[in-house]
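Structural overview for review
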Amino acid sequence: MAEIVSIDRMSYGSAAVGRLESGKAVFVEGAVPGDVVSVEIEQEKKSFARGRVVEVVEPSPMRVVRPECQAACSGCPWRDLAYGAQLAAKRANVVDALVKNARFPRERAEQLVGQTLPSKREWGYRNKIELGCGTDARGFLSLGFFREGTHQLEPVAACPAAVRPLQKLPKAITGALRYALGEQTCGLFRVGVRGSVRTKDVEVALWTTPGPFPRAVVSKTLASACKPSSVVRVMAEEGAARKVKKVEALSGKGCWEEELLDHRFLVSAPSFFQVNTAQAEKLVELVLSGLEIEPGDYVADLYSGGGTFSIPLAAAGADVVAVESAGSSVRDLRRNAERAGVDVEVIGGDAARELPELGDLDALVVDPPRCGLAPGVVDSIAQAAPRRVAYVSCDPFTWARDVALFEQQGYRLASATPVDMFPQTYHVETVSIFDAAIR
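Predicted model, so just to flag it, every value in this text is computed and none were measured.

**A look at the environment of Lys200**
Along the chain, the position of Lys200 falls in the loop between β9 (188–195) and β10 (202–208). As for Lys200 and Glu257, which are separated by 57 residues in sequence, their C-alpha atoms are 8.6 Å apart. At 3.0 Å, the side chain of Lys200 and the backbone oxygen of Val197 are in polar contact.

Spelled out as structure tokens, the structure:
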């Protein structure tokens, strides 16, 4: 049975939030704040419910029609929400995380969290897309995006969220691989595509299980279909861990090149790189200004990846030690530092294990995965006694958990700036600065 619901706000997720007649919160897919919608309840729990929009009874002024993308995938769940409202909702989620997870008074949280820095491009910003693999009703290879939280593959021909060189490649790559592989999949389970509007590089990474693979015919067919600068095969285990066993170049230079703040970065297919290059530059600028680096400062960069922060820090005159556990990123960072003409001491290892061995620090930057800092890392940071810490986070709630730990160690959160790396989605990056002056 449907119920009329007024929508109040966006959640940290794809759904908007309103209240049922009973007062229970309901998470509604397909709604935006200000909508009055008819909602069909699909799941009801003790403290909340989930539903979907049956009809938009009164559309919100913040609801927009998005001709850019009509795909059925869940890659852009906030596309019906006006961009200014997206920015406000992302800031609100960061504030809420501080209140709920760090137990900050709301007044202090509101004072510390700045306005969300908008993306230069609302569409056409992603330098990377990842396509899942499956088969269609006829048994032919199909590439597309998985619906969030499911194994349901939605075929896609184009992606307007991607940078222009990539937007129409899903269709071209699907056709090329169907032709090259025939009725076989040859262990192919994922296709990663990276493109740069600055260097013009396009790389196609074919993720497969180990085993025989028609290298020559696949690379030749892809070269004809989309003219990539590089085609690589990543042999890995299927699943979330994606344990890489081997990477081989099938054609081209075997890596992807991007430019960020006048530095060139070579990125291997398994290595992480921020998907919104222009916004990544804002992350770096916020970190550099927040840490107030002086020449000769001893700075650690934990979870350093291929050097997004390490190299600009070294170029600013800091003595940088970078810690990274992924082997491909360690190799990329060493190569990128050499190409940039800067000295970075690179340690391949786990941040929690290596940090206590680094000694006293002047400053530190951490950019951990979505799960946040490992247990004990905040304690080790406090032991190293940097005067300032920059924490770059892609999850407001694990970040807020760690904020509380920093404050328990005597560090005080001085600022938090949301940065919109992912327009049309609920994801938000936060650059925060901690000051140890009061310790």
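After that view of the structure, there is still more to cover.
**Some details on the packing of helix α1 (residues 83–101) against helix α10 (residues 396–408)**
Running from N to C, α1 and α10 cross one another at 45 degrees; their axes reach a closest spacing of 8 Å. As summarised for this structure, α1 and α10 are arranged oblique, according to the angle between their axes. Crossing angle aside, the handedness with which α1 passes α10 is right-handed. Residues Asn93, Val94, Ala97, Leu98 and Asn101 of α1 lie in contact with α10, whose contacting residues are Pro396, Phe397, Trp399, Ala400, Arg401 and Val403. Tallied by class, residues from the contact of α1 with α10 come to 8 nonpolar, 2 polar and 1 charged.

**Quick notes on the pattern of salt bridges**
Under the defined criterion, the tally for this structure stands at 28 salt bridges. Ionic pairing is found between Glu110 and Arg91, a salt bridge with its closest N-O pair at 2.9 Å. You can see Glu110 sitting in helix α2 (residues 106–112) and its partner Arg91 sitting in helix α1, a full 19 residues away along the chain. On the basis of relative accessibility, which here comes to 34%, the residue Glu110 falls in the partly exposed class. Residue class for Arg91 comes out buried when judged on its relative accessible area of 13%. Among the salt bridges present, the one from Asp201 reaches Lys253, with a minimum N-O distance of 2.8 Å. Placement of Asp201 in the loop between β9 and β10 and of Lys253 in the loop between β12 (244–252) and β13 (256–260) is noted, with a sequence separation of 52 residues between them. A relative accessible area of 43% means that Lys253 is categorised as partly exposed. Residues participating in the shared-partner salt-bridge network are Asp201, Lys253, Glu257, Glu259, Arg264 and Arg339.

**Things to note about unusual backbone geometry**
Located in the positive-phi region is Cys186, a residue other than glycine, with phi close to 55 degrees. Relative to the helices and strands, Cys186 is located in the loop between α3 (169–181) and β9. With a phi angle near 70 degrees, Asp262 is a residue other than glycine that sits in the positive phi range. With respect to the helices and strands, the residue Asp262 is situated in the loop between β13 and β14 (263–267). Taking the relative accessible area as the measure of exposure, Asp262 reaches 73% and is therefore exposed.

Quick notes on the rules
- Going along each chain's sequence as written, the residues are numbered from 1 onward.
- Only residues with pLDDT of at least 70 get local features here, since the model is predicted, and only at 80 or more are side-chain atom pairs given and counted; chain-wide, interface and lining totals rely on the full set of residues.
- Each side-chain value is worked out from all heavy atoms of the structure, with water and hydrogens disregarded.
- Going along the chain from the N terminus, every DSSP run of H or I of four or more residues is numbered as a helix, and every run of E of two or more is numbered as a strand.
- For the purposes of these results, a polar contact is taken to be a pair of N or O atoms within 3.5 Å, where, inside protein, one atom must be able to donate a hydrogen and its partner to accept one; residues adjacent in sequence count only when each atom of the pair is a side-chain atom.
- For helices, the fitted line uses only the C-alpha atoms of the stretch in contact; every axis is such a line through C-alpha atoms, and the angle between N-to-C directions lies from 0 to 180 degrees.
- Any angle from 65 to 115 degrees is called roughly perpendicular, while one under 35 is roughly parallel, one over 145 is roughly antiparallel, and all others are oblique.
- The crossing is said to be left-handed when, going from far helix to near helix, the turn is anticlockwise and less than a right angle, and right-handed when the turn is clockwise.
- In what follows, a contact means two residues having at least one pair of non-hydrogen atoms within 4.5 Å.
- Amino acids outside the nonpolar list (Ala, Val, Leu, Ile, Met, Phe, Trp, Tyr, Cys, Pro) and the charged list (Asp, Glu, Lys, Arg) are all regarded as polar, and Gly is one of them.
- When a carboxyl oxygen of Asp or Glu lies within 4 Å of a side-chain nitrogen of Lys or Arg, that pair is called a salt bridge.
- The rule is simple: take the accessible area with a 1.4 Å probe, protein chains only, and divide by the maximum for that residue type; under 20% is buried, over 50% is exposed, in between is partly exposed.

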